[in-house]
Amino acid sequence: MTLMQTTEYDTIAAISTPPGEGAISIVRMSGEESLEVATKIFKGKNLQDVQSHTINYGHIVDPETNEEIDEVMVSVMRAPKTFTREDIIEINCHGGIVPTNKILQLLLQNGARLAEPGEFTKRAFLHGRIDLTQAESVMDLIRAKTDRSMQIALGQLDGNLSQLIKNLRQDILDVLAQVEVNIDYPEYDDVETLTTRLLKEKAQEVKARIEELLKTAGQGKIMRDGLATAIVGRPNVGKSSLLNYLLHEDKAIVTDVAGTTRDVIEEYVNIRDVPLKLIDTAGIHETQDKVEKIGVERSRRAIGQADLVMILLNASEPLTVEDRQLLELTKDKKRLVILNKTDLPQKIEMAEVKQIVAAEELLSTSVLKNDGLDELEERIAKMFFNGIENSQTTVMLTNSRHIALLHQAKDSLQAVLDGIEAGMPVDLCQIDMTNAWDVLGEITGDSYQDELLDQLFSQFCLGK
Amino acid sequence: MQEVKQYAGKDYDVIVVGAGHAGCEAALAAARMGNKTLLMTINLEMVAFMPCNPSIGGPAKGIVVRELDALGGEMGRNIDKTYVQMRMLNTGKGPAVRALRAQADKREYSIEMKHTLEREKNLTLRQGIVDDLIVEDGTVKGVITNTGAQYHAKAVVLTTGTAARGKIIIGELMYSSGPNNTQPSMKLSGNLEKLGFELKRFKTGTPPRVDGNTIDYSKTDKQPGDAMPHHFSYESKDEDYLPVEDQMPCWLTYTNGTTHQIITSNLNRAPMFTGVIEGVGPRYCPSIEDKIVRFADKPRHQLFLEPEGRETDEYYVQGLSTSMPEEIQQKFVHTIAGLENAEMMRPGYAIEYDVVSPYQLRPTLETKLISGLYTAGQTNGTSGYEEAAGQGIVAGINAGRHALGKEEMILKRSDAYIGVMIDDLVTKGTNEPYRLLTSRAEYRLILRHDNADLRLTEMGHEMGLISDERYAQFEAKKQMISAEMQRLAEVRIKPNDQVNAYLAEHHEHELRDGILAADFLKRPYVTYQDLLQFIPAPAEPLDSQSIEQIEIQLKYAGYIKKSMQKIEKLKRMEAKKIPDRIDYAAIDGLATEAQQKLAKIQPETLAQAGRISGVNPADLSILAVYIEQGKIAKVG
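Just so you know, these numbers come straight off a predicted model, no measurement behind them.

**Student:** So, the pairing of strand E4 (residues 54-61) of chain A: which residues are in play, and what are the values?
**Tutor:** Successive residues of a regular strand alternate their side chains across the two faces of the sheet. Residues and elements named next belong to chain A. Across 3 bridges, strand E3 (residues 42-44) lies against E4 in antiparallel orientation. Considered in E4, the bridge of Lys43 is made with His59. For E4 and strand E5 (residues 68-77), the ladder comprises 8 bridges, and the chain directions are antiparallel. In the strand pairing of E5, Tyr57 is matched with Met73. Connecting E4 to the antiparallel partner E5 that follows it, the hairpin turn spans 6 residues, and Asn66 within it adopts a positive phi of roughly 65°.

**Student:** An account of the UniProt feature "binding site: Mg(2+)" (unreviewed entry) in chain A is requested, with residue identities and associated values reported.
**Tutor:** The positions that UniProt labels "binding site: Mg(2+)" (unreviewed entry) are, in the present scheme, Ser240 and Thr261 of chain A. Note on placement: Ser240 of chain A falls in helix H8 (residues 239-248).

**Student:** An account of the pattern of salt bridges is requested, with residue identities and associated values reported.
**Tutor:** All names here are of chain B. Scanning the entire structure with this criterion turns up 63 salt bridges over all chains. Of the charged contacts in the structure, one is a salt bridge between Lys219 and Asp216, with a shortest N-O distance of 3.9 Å. Residue classification places Lys219 among the partly exposed residues on the basis of a relative accessible area of 45%. Across the salt bridge formed by Glu442 and Arg413, the nearest N and O atoms sit 3.0 Å from each other. Here Glu442 is found in the loop between helix H11 (417-428) and helix H12 (452-462), whereas its partner Arg413 is found in the loop between helix H10 (385-404) and H11, with 29 residues between them in sequence. Residue Glu442 shares its accessibility class with Arg413, and that shared class is buried.

**Student:** Quick rundown of the confidence of the model for chain A? Include the residues and the values.
**Tutor:** Close inspection of predicted coordinates is inappropriate in any region flagged by low pLDDT. Residue and element names in this part refer to chain A. Put simply, chain A has an average pLDDT of 76, and 70% of its residues get 70 or more. Scored below 50 in pLDDT, residues 249-265 shows 35 contacts in the model against residues more than four places distant or in partner chains. Between residues 388-394, whose pLDDT stays under 50, and residues either more than four places distant or in other chains, the model counts 5 contacts.

**Student:** Would you mind going over the UniProt feature "binding site: FAD" (unreviewed entry) in chain B in detail, with residue names and values included?
**Tutor:** Residue and element names in this part refer to chain B. The UniProt feature table records "binding site: FAD" (unreviewed entry) at Gly18, Ala19, Gly20, His21, Ala22, Gly23, Val130, Ser185 and Gln378. Mapped onto the elements, Ala22 comes out in helix H1 (residues 21-32). The residues touching Ala22, leaving out its near neighbours within four places in the chain, are Thr159, Ala376, Gly377, Ala388, Ala389 and Gly392. Every residue in contact with Gln378, bar those within four places of it in the chain, is listed here: Gly161, Thr162, Thr204, Tyr353, Val355 and Ser383.

Analysis parameters
Residues numbered from 1 in each chain as written. Chains lettered and ligands numbered in written order. Predicted model: local features only at pLDDT ≥ 70, side-chain atom pairs only at ≥ 80, totals over all residues. Heavy atoms only, no water. Pairing = 2+ DSSP bridges. Helix = DSSP H or I, 4+ residues; strand = E, 2+ residues; numbered from the N terminus. UniProt positions renumbered as here; feature names shortened; annotations may be inferred. Salt bridge = Lys/Arg side-chain N within 4 Å of Asp/Glu carboxyl O. Buried < 20%, exposed > 50% of the residue type's maximum accessible area, 1.4 Å probe, protein only. pLDDT = per-residue confidence, 0-100. Contact = heavy atoms within 4.5 Å.

Laid out in structure tokens, this is it:
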């Protein structure tokens with residue numbers, strides 16, 4: 001019963017500033033309901049009343065908790081004189097992965113849908129806003145980005161989450177099948193009649209499980225703050241190059257956290273969707289210029305705070321005392337030992353290194369030649385997701401789209417409960433139940449339309 | 001053998017092949033639109049015959065009958081004239097799923113429909129087998145019969161049902177036959193294949209019939225009809241409704257362990273399991289042997305004994321569909337409570353037949369391959385009288401419009417169950433005989449039984465199938481409903497002793513402030529009649545149908561609004577037409593699977609394209625961009 005075709009007229013939202021530099025991020029929304037959605041989360045002037053093409057000062061507030069998220073400027077641009085020829089809202093917020101993501105999620109929870117890659121451009125084109133000759137490139141964009149984002153999305157959907165969603169869906173499906181069988185075969189007395197009481201129990205139960213899951217998105221320390229990561233090593237070993245590589249990737253988001261001094265700048269990067277909070281990057285830069293001795297004290301401090309340590313060793317030189325100290329300091333930490341400068345002749349004592357460092361912690365790179373860096377990213381992601389699997393929270397929500405969809409599912413289940421409360425018949429409450437099931441299916445990509453009928457005919461014995 | 005000499009018969013505007021439930025609706029629609037119409041059937045005694053269950057309606061199907069009636073079809077009127085029992089199902093549930101079902105007098109139903117056809121002035125009913133089509137340059141020109149007649153026409157509708165290379169199977173016995181031992185149509189299928197159509201084999205079945213005089217009713221439960229008047233047709237009147245004592249009851253009984261044991265120990269003689277039956281049967285209508293194998297842990301299965309008519313004592317054993325050998329059927333029938341001494345009058349049987357894979361059709365039910373050729377009913381892979389009739393009227397209207405050179409008519413998923421069914425068939429195809437179920441409709445709250453007239457009468461009138469007089473009545477009813485809704489939204493109920501006493505009765509809080517009548521009616525326990533105690537009566541009293549409308553539209557307003565919003569979005573996607581004969585292979589960026597599916601199904605709108613499995617949103621976007629761009633390569 002899922003109907004994907006109606007997405008064309010949804011109100012869509014996305015973070016539209018290229019992640020990376022800049023202290024300001026823009027979250028953009030386009031579609032008929034843009035003004036309505038923005039109004040729900042904006043404290044300031046009533047956006048529905050302001051003139052078109054104005055910029056308005058105010059605050060973004062989570063309507064559920066009344067928590068203030070950020071101080072913002074909101075641009076209101078009414079159709080048709082906009083990029084997409086639809087109503088557009090742009091929220092200028094204080095950069096930073098945390099508030100920007102939070103604002104995006106609030107929009108998604110309040111009626112917008114996460115934009116597909118290239119979707120703003122596509123709408124601009126479809127509404128005759130951009131030139132026909134650009135059509136080809138728009139399509140390339142759609143195809144290329146969709147393929148990539150689908151791969152990424154599938155990759156992100158780790159086995160546990162996927163299984164959990166599938167279980168939720170199956171639970172809902174069992175109920176739906178029973179409602180349907182009661183409707184389509186009303187005279188079959190051997191099928192238990194699904195009352196609103198049973199429906200209520202099921203809706204409550206599934207909703208509670210979704211809420212539990214959503215907590216991991218709201219409260220997961222790592223997701224909120226990033227995985228504290230220290231990059232340590234002797235001067236000139238390549239720390240700065242590695243840092244620059246991580247920061248200059250498209251995915252990097254660098255931010256000044258308001259109210260902090262230059263000294264403790266924290267920089268956030270997203271590596272394969274693992275948010276890293278790089279600690280003491282100032283230290284890394286400093287040691288680069290001044291030929292000072294390795295600040296072991298400083299490193300010790302950074303290591304102490306870190307959830308993950310990346311130790312760089314120079315593969316073209318023998319191990320030094322400092323190297324050995326760092327390896328000793330981190331032996332109980334989650335770490336990656338990176339043998340850098342593999343482009344030069346190798347002089348490091350491999351036998352000794354291999355004795356101290358476990359194979360899964362060890363890898364070789366040449367940051368200069370861009371070699372081994374994919375492997376590095378992969379290791380980071382692997383470490384992170386393995387770590388999560390072993391931690392107490394078995395499933396961690398990391399993806400904005402998943403979070404938004406789970407919120408929608410939760411809202412639909414709430415609507416089931418509201419309907420029951422209002423005395424609505426079971427087949428009406430079931431509409432919202434079906435919606436919850438559809439929305440969950442969007443997470444796992446299961447929207448096989450005949451699923452329900454298959455269930456119906458395999459579960460019940462029907463017919464003349 | 002001598003070859004039959006062909007001769008030129010008369011010319012017609014529309015020819016309909018087959019006078020089952022699809023064919024009758026198709027022919028009547030075409031004729032009533034002013035087309036000179038020929039309706040050919042293999043056997044004139046089989047017009048609108050019910051070869052299986054003697055009933056019409058039920059969940060989803062009953063709504064289809066109402067939709068047919070609103071469009072100007074005949075099924076609703078015909079069953080209202082010939083039912084022996086009428087019952088509203090799902091009364092304990094919400095308004096969207098209420099369903100009317102009638103037990104029919106099979107013979108009466110057939111005779112009444114035949115007479116209606118005979119009286120239709122533009123319509124000729126004739127016995128004969130159509131063996132071939134006359135096709136020129138991809139356009140149908142007429143038909144050729146087994147007696148050598150060539151009839152020319154501007155449009156042809158095929159509704160061949162289970163007659164197309166039909167084969168009956170009873171245990172080890174197997175023979176060529178149409179439904180109920182009538183003559184099958186053996187040549188037409190082969191000629192369709194020669195024209196390039198892809199056919200497949202489906203199977204369906206029917207249970208044994210027993211002599212009512214030999215049933216011990218005391219061992220069964222009586223299932224009477226409803227006393228409160230119900231009708232399928234919006235034209236029927238309450239005063240013509242049969243009192244419950246003049247209706248015929250059905251009887252409920254069950255299979256038991258002994259029944260199951262007999263079947264299980266004879267599975268080696270069951271064609272279903274020995275590989276004799278090749279056609280695909282419906283999951284929702286399994287044979288008893290299938291049920292017992294698949295649901296081995298069920299101790300019993302329900303059976304309904306249904307009368308086949310007033311002038312006969314034959315009873316249909318609903319739930320006992322089978323193709324086991326006659327000997328075994330006899331044995332297990334006798335194990336059933338009430339049927340211990342029952343005389344079996346006809347054995348159950350399975351029947352295999354040819355269907356045209358429905359992806360080869362457009363939403364008008366015209367074939368993509370041959371212009372002017374339409375197919376409907378079981379031919380398109382459906383099952384059920386109502387499903388057949390629903391397609392029949394759409395095919396008939398479009399064939400008629402084609403002959404008249406008028407624009408075609410398409411029912412959308414949001415218009416009618418008939419639209420849901422046709423869209424499913426032409427977009428997704430079907431791997432088993434297709435039956436309508438309410439769960440197939442995503443907007444079932446909008447596609448209700450009570451509002452079929454509001455949804456479709458206007459369309460029926462526009463097609464010329466609803467008289468001006470009936471249309472005027474409909475308009476008046478619509479007006480009355482909206483005027484009263486308007487009034488209820490303005491009148492306030494003030495708190496007073498009478499209202500508060502009423503509320504106390506329903507264990508509700510007293511009214512503190514005034515409340516709008518419309519809001520008061522939204523409370524689950526309040527009926528319109530209750531409401532009238534507290535507000536002035538309307539200038540003119542409302543009929544029960546209008547009251548029902550007002551109650552439903554107000555009480556479920558929130559849900560209706562949500563559905564309508566979705567429908568609005570869908571309609572905008574439906575408005576995005578895809579030009580025909582697109583060369584999908586020439587579109588860069590479409591995934592291979594999407595390319596193949598789109599080329600095969602040739603969707604007519606972006607919305608339809610989006611419903612094809614394997615076509616994902618990125619493919620849709622690319623398609624949209626191409627269409628917008630207008631630079632589309634065509635095939636052919």
